[in-house]
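So the chains spell out like this:
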Amino acid sequence: MITLALSKGRIFEETLPLLKAAGIEVLEDPETSRKLILPTNREDVRVVLVRASDVPTYVQYGGADLGVAGRDVLIEHGLAGMYQPLDLNIAKCRMSVAVRADFDYESAVKQGSRLRVATKYTQIARQHFADKGVHVDLIKLYGSMELAPLTGLADAIVDLVSTGSTLRANKLVEVERIMDISSRLVVNQASLKLKRAPLRALIDAFATAIPK
Ligand code: ATP
Ligand code: MG
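None of these values were measured; they are calculated from a predicted model.

Chemist: I'd like a rundown of the domain arrangement of the protein, residues and numbers included.
Modeler: Under the domain assignment used here, the protein contains domain 1 (2-92 + 181-209) and domain 2 (93-180). Just the C-alpha atoms count here: the centres of domain 1 and domain 2 sit 30 Å apart. At the junction of the two partners, domain 1 supplies six residues and domain 2 supplies nine residues. Among the elements of the structure, α3 (71-77) and β9 (172-188) are those that each provide at least two residues to the side of domain 1 that touches domain 2. The element contributing the most residues to the side of domain 1 that touches domain 2 is α3, with three residues. Tallied by class, the residues present in the side of domain 1 that touches domain 2 amount to two nonpolar, one polar and three charged.

Spelled out as structure tokens, the structure:
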């Protein structure tokens, strides 16, 4: 049996065409089904639905043989026990620094001020500001980062941006792009040895269907 870990929503939706290229069809819709294990048209392949940030944990410890996770999630979790054979070029967005429109970020950085930064992505934020030589106090949040500068909790946030409409709706501006984000295929290292042929076939089929 091959177990593929996916999260509901954009990753599930954008992985479907890649599965199709491998001849795999998921037989239930996660938006209407309550099942967490979804059968496919292949008796030896199943999909497990987990939180986006839990995908690397499942793959690392072999709860799934492979999975699809954002670069953001993979950097925060680390890649221990996993191979990352493909950038699938799906679920694309960017990691950025944003502040209130009335906050002069450039001056604050130039003056060497200590910045309070709220984020769910503490590893990425820590590395980014260390590279710039900017001192920061990181405040860990689990969601609704946009609220932090508006309430005075933080001067800045580090968050994912795609269209920028959420930032605009909250009168925040993007002041720095940290990195481009897309989702990657990750494979358990032991699985790749034990189930080499079927996993290799899957990886190769995915590779042929990666969107431009
Ligand atoms: P959860 O909903 O379980 O808290 P999540 O919000 O991280 O997790 P998704 O919103 O499905 O889950 O995001 C999954 C991945 O998709 C993220 O890790 C990121 O790589 C990417 N992503 C997030 N937001 C966007 C976006 N607006 N546009 C494109 N890709 C995005
Ligand atoms: Mg989300």
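Chemist: Tell me about the nonpolar core, and name the residues and values.
Modeler: Ranked by internal contacts, the top residues of the largest apolar core, which has 29 residues, are Ala 5, Val 55, Val 59, Leu 66 and Val 186. Membership of the second largest hydrophobic core comes to 21 residues, among which are Val 97, Val 99, Met 145 and Val 158.

Chemist: Requested: an account of the site of ligand 1, with residues and values cited.
Modeler: The immediate surroundings of ligand 1 are formed by 17 residues, with Ala 52, Gly 70, Ala 91, Cys 93 and Ser 162 found nearest. Secondary-structure elements contributing two or more residues to the shell around ligand 1 are α1 (10-21), α3, β5 (82-100) and β9. Here the shell around ligand 1 takes three residues from β5, the largest share from any one element. Among the residues forming the shell around ligand 1, the class breakdown is seven nonpolar, six polar and four charged. Shared between two domains, the shell around ligand 1 takes at least three residues from each, and those domains are domain 1 (2-92 + 181-209) and domain 2 (93-180).

Chemist: Explain the environment of Gln 127 to me, and be specific about the residues and the numbers.
Modeler: In this structure, Gln 127 sits in helix α5 (residues 122-132). Gln 127 gets classed as partly exposed once you count the C-beta atoms within 10 Å, which come to 14. Each C-alpha atom, one on Gln 127 and one on Arg 200, is 34 Å from the other, the two residues being 73 residues apart in sequence.

Chemist: Could you give me a rundown of the sheet that holds strand β6 (residues 115-119), with the residues and numbers involved?
Modeler: Strand order across the open sheet formed by nine strands is β2-β3-β1-β4-β9-β5-β8-β6-β7, with mixed pairing between neighbours. The open sheet terminates on both sides in strands that have one partner only, identified here as β2 (37-39) and β7 (136-140). In this sheet, adjacent strand axes meet at a mean angle of 25° when their direction is disregarded. Alignment of strand β1 (residues 2-6) against strand β4 (residues 66-70), held across two bridges, turns out to be parallel. Residue pairing across strands places Ala 5 opposite Gly 67, the latter belonging to β4. Where α1 meets the sheet, it contacts β1, β4, β5 and β9, and its direction lies at approximately 145° from that of β5. Contacting β5, β6, β7, β8 (156-161) and β9, α5 crosses the sheet at an angle of about 170° to β7.

The rules behind the values
Residues numbered from 1 in each chain as written. Chains lettered and ligands numbered in written order. Predicted model: local features only at pLDDT ≥ 70, side-chain atom pairs only at ≥ 80, totals over all residues. Domains from an automatic or database assignment. Contact = placed C-beta atoms within 7 Å. Helix = DSSP H or I, 4+ residues; strand = E, 2+ residues; numbered from the N terminus. Nonpolar A, V, L, I, M, F, W, Y, C, P; charged D, E, K, R; others polar. Core = buried A, V, L, I, M, F, W, Y, C linked by C-beta atoms within 7 Å. Buried ≥ 20, exposed ≤ 12 C-beta atoms within 10 Å, placed from the backbone. Near = placed C-beta within 6 Å. Pairing = 2+ DSSP bridges. Axes fitted to C-alpha atoms, helices over the stretch in contact; angles between N-to-C directions.

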